[in-house]
Every structure is written in C-alpha cells, then in structure tokens.
Amino acid sequence: MTDDAVPDLRASDADRERVAEVLRDAVAEGRLDMTEFEERLEAAYTARTYGELAPLTRDLPASGAVVPGPVSFTKEPVERGGWAGRIVGGEGSSTGAVAVMSGFQRKGRWTVPKRFTCFAFWGGGEIDLREADFADREVEINCVAIMGGVQVIVPPGVEVVVRGIGVMGGFDHPRGDERVEPGAPRVVVGGLAFWGGVGVERKVTRAERLRLKEQRRQERLERRESRRAERGRLGRGER
C-alpha cells in the first residue's frame with residue numbers, strides 16, 4: 001500500500017515525529033527558513049491524517065538522501081535507547097568559541113566534543129545542547145566570562161554538574177531536581193566568572209513544546225467528548 005493510497009488513514013505520534021525530524025534536517029541544511037520551518041512544524045504536530053502530513057515533506061529529501069522524496073509512513077522497529085543514537089563519538093564539530101565585545105552561538109544540530117572551551121569578554125554566548133549530539137557520555141563545557149555572560153541550555157533528562165567559580169559573579173544551577181534519563185549524557189559545566197555570569201537551564205525544543213501543546217489539546221477534546229457522552233447517557237436514563 002502506497003502513501004498516496006491511504007490519505008485518510010489516521011496518523012500516529014510516531015508518524016508526526018518522523019516528519020518533524022525531516023523538517024529539522026531541512027532547516028539545518030538551509031532548505032527551509034525559520035518561518036517556513038515553524039509553519040510546517042506546527043502543521044505536522046496538528047495533522048490528523050497521512051494526507052495532511054505528506055505535503056509537508058514532498059519537496060524535501062529524507063535525512064542524508066540526494067534525491068528528494070516524501071516521508072515514508074511504513075512502520076519500522078523503534079531503535080532501542082532514546083539517547084543511544086546521540087552519543088556519536090569523534091572529535092566534535094566545534095571545540096570552542098570566543099566573544100570579545102560581541103557574541104557567539106552554538107545551537108541546532110552539532111556535535112559537542114569531550115571538552116568545549118568558551119571565552120566571553122564584554123560579550124555573551126549561548127551554548128544550546130537541545131538538538132546536539134555528544135562525542136562522549138560525559139562532556140565538559142569550560143566557560144570563562146569576564147564582564148560578560150554565557151548561557152548553557154540543556155534538554156530535560158540530562159545530568160548536569162556545575163563546578164564553576166564566581167568572583168563578583170556566579171554560576172547558576174538549573175532549577176529543581178531533574179530525573180536523569182537512562183543513557184543520557186553527563187554535562188559538566190566549569191570555569192570562571194569574573195564580574196560576569198554563567199547560567200545553566202533546562203528547556204524543551206520548540207518542536208517538543210508544539211507536541212505537548214497538541215497532546216494537551218487532544219486530551220481536552222477527549223475529556224469534552226467523554227463528558228458529552230456521559231450527559232447523553234444520563235439524559236436517556238441509562239446507568
């Protein structure tokens with residue numbers, strides 16, 4: 001059965017996530033701008049059928065492909081271990097960053113090396129690990145912030161250890177006790193903050209926020225339908 005033959009078949013969460021992954025690859029490769037990406041991603045997470053999902057990737061190649069083609073909705077075995085595919089080894093795609101009266105960003109799809117060093121002087125930087133791969137199960141991010149600041153963003157489930165030293169400055173720990181997911185990497189944040197600061201916080205990706213928003217919407221609809229059905233039974237005198 002082809003994808004085009006079943007446009008009215010209801011899509012699952014896994015189907016929507018496969019489309020979202022192709023869209024993330026497309027924006028990282030420059031095939032989509034951020035406006036197009038956000039529009040298609042929102043459409044993906046609100047889609048109910050294959051017919052609504054298929055057009056979102058019809059003009060895009062699948063990850064690593066040369067010839068464009070639509071996302072296949074053929075069910076495949078789910079890989080074991082959610083984090084296993086993100087511990088990739090190697091040297092990392094970027095080993096450091098410098099901001100002198102300026103700024104830097106490391107975000108999106110990149111590989112965090114075993115040791116990443118950054119320096120901010122009268123400037124600021126952002127190190128976003130939410131969509132990153134990791135060269136090892138434990139990586140170290142060494143930050144030196146002098147009259148500047150660095151923000152480290154980690155996804156939920158990652159273990160975080162903060163060992164930095166603040167001199168008329170500080171290192172902020174992520175709020176709350178986070179449950180560490182099995183197989184998740186360990187991120188050690190250290191360094192020095194002098195008249196500056198290094199902040200560490202946990203955030204979900206925009207795609208995950210949209211997914212959770214759609215999940216809550218579906219749950220509200222289900223509760224509403226359940227209450228409506230219950231009122232109908234009571235109106236008919238059923239027990």
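Residues numbered from 1 in each chain as written. Predicted model: local features only at pLDDT ≥ 70, side-chain atom pairs only at ≥ 80, totals over all residues. Heavy atoms only, no water.

Before going further, it helps to spend a moment on the packing of aromatic side chains. By the definition in use, this model includes four aromatic pairs. Here Trp83 and Phe134 contribute two aromatic rings whose centre-to-centre distance is 6.4 Å and whose plane-to-plane angle is 65°, an arrangement assigned as edge-to-face. Highlighted residues: Trp83 in the loop between α3 (50-53) and β1 (96-100) and Phe134 in strand β6 (residues 133-134), separated in sequence by 51 residues. In terms of burial, Trp83 and Phe134 fall into one category: buried. Taking the centre distance of 5.7 Å and the plane angle of 70° together, the rings of Trp110 and Phe116 count as edge-to-face. (Phe/Tyr/Trp six-rings, centres within 6.5 Å; stacked < 30°, edge-to-face > 60°. Helix = DSSP H or I, 4+ residues; strand = E, 2+ residues; numbered from the N terminus. Buried < 20%, exposed > 50% of the residue type's maximum accessible area, 1.4 Å probe, protein only.)

We now examine the pairing of strand β13 (residues 197-202). Note: strand β8 (residues 149-154) against β13, six bridges, orientation parallel. By the bridge assignment, Val154 is partnered in β13 with Arg202. Sheet topology note: the strand β11 (residues 170-172)/β13 ladder contains three bridges and is parallel. Bridging from a neighbouring strand, Phe171 pairs with Val198 of β13. (Pairing = 2+ DSSP bridges.)

Here we take up helix α1 (residues 13-28). For an α-helix, the turn length of 3.6 residues means that residues three or four places apart are oriented alike. Relative to the 22 Å expected for 16 residues at 1.5 Å per residue, α1 spans 23 Å between its end C-alpha atoms, a close match to the ideal helical length. Residues Asp15, Arg16, Val19, Ala20, Val22, Leu23, Arg24, Asp25 and Ala26 constitute the buried set of α1. Backbone geometry just after α1 places Gly30 at a positive phi near 85°. (Expected span 1.5 Å × (residues − 1).)

As a further point, take the pattern of salt bridges. As enumerated under the stated definition, the model contains 13 salt bridges in all. Across the pair Arg24 and Glu21 runs a salt bridge, and its minimum N-O distance is 3.0 Å. Of the two residues, Arg24 and Glu21 both sit in helix α1, three residues apart, roughly one turn of that helix. The buried category is assigned to Arg24, whose relative accessible area is 11%. (Salt bridge = Lys/Arg side-chain N within 4 Å of Asp/Glu carboxyl O.)

The next thing to look at is the sheet that holds strand β5 (residues 124-128). Strand pairing within a sheet occurs via backbone hydrogen bonds; the two strands may be parallel or antiparallel. Judged by pairing direction, the sheet is parallel, and its five strands sit side by side in the order β2-β5-β8-β13-β11 without closing on themselves. Sheet topology places β2 (103-106) and β11 at the edges, where each strand pairs with a single neighbour. The average angle at which neighbouring strand axes cross in this sheet is 10°, direction not considered. (Axes fitted to C-alpha atoms, helices over the stretch in contact; angles between N-to-C directions.)

On to the nonpolar core, then. Membership of the largest hydrophobic core comes to 31 residues, with the highest contact counts inside it found for Ile127, Leu129 and Val150. The biggest single contributor to this core is strand β7 (residues 138-146), with four residues. The contacts of Ile127, once residues within four sequence positions are left out, are Phe104, Arg106, Trp110, Phe116, Cys118, Ile141, Val150, Gln151, Val152 and Ile153. Counting 17 residues, the second-largest nonpolar core is a separate cluster that includes Ala20, Phe37, Leu56 and Leu210. (Core = buried A, V, L, I, M, F, W, Y, C linked by side-chain atoms within 4.5 Å. Contact = heavy atoms within 4.5 Å.)

For the rest of this paragraph, the subject is unusual backbone geometry. You will see that Trp122, though not glycine, has its phi angle at about 50°, which is positive. Relative to the helices and strands, Trp122 resides in the loop between β4 (115-121) and β5. Positioned with a positive phi, Trp195 is a non-glycine residue whose angle comes to about 55°. Note on placement: Trp195 falls in the loop between β12 (186-194) and β13. Judged by its relative accessible area of 48%, Trp195 is partly exposed.

This paragraph deals with the confidence of the model for the protein chain. Across the protein chain, the average pLDDT comes to 80, with 83% of residues at 70 or higher. pLDDT under 50 marks residues 1-5. Its contacts with residues more than four places away, or in other chains, come to five contacts. Confidence drops under pLDDT 50 across residues 63-69; counting only partners more than four residues distant or on other chains, this segment forms eight contacts. (pLDDT = per-residue confidence, 0-100.)

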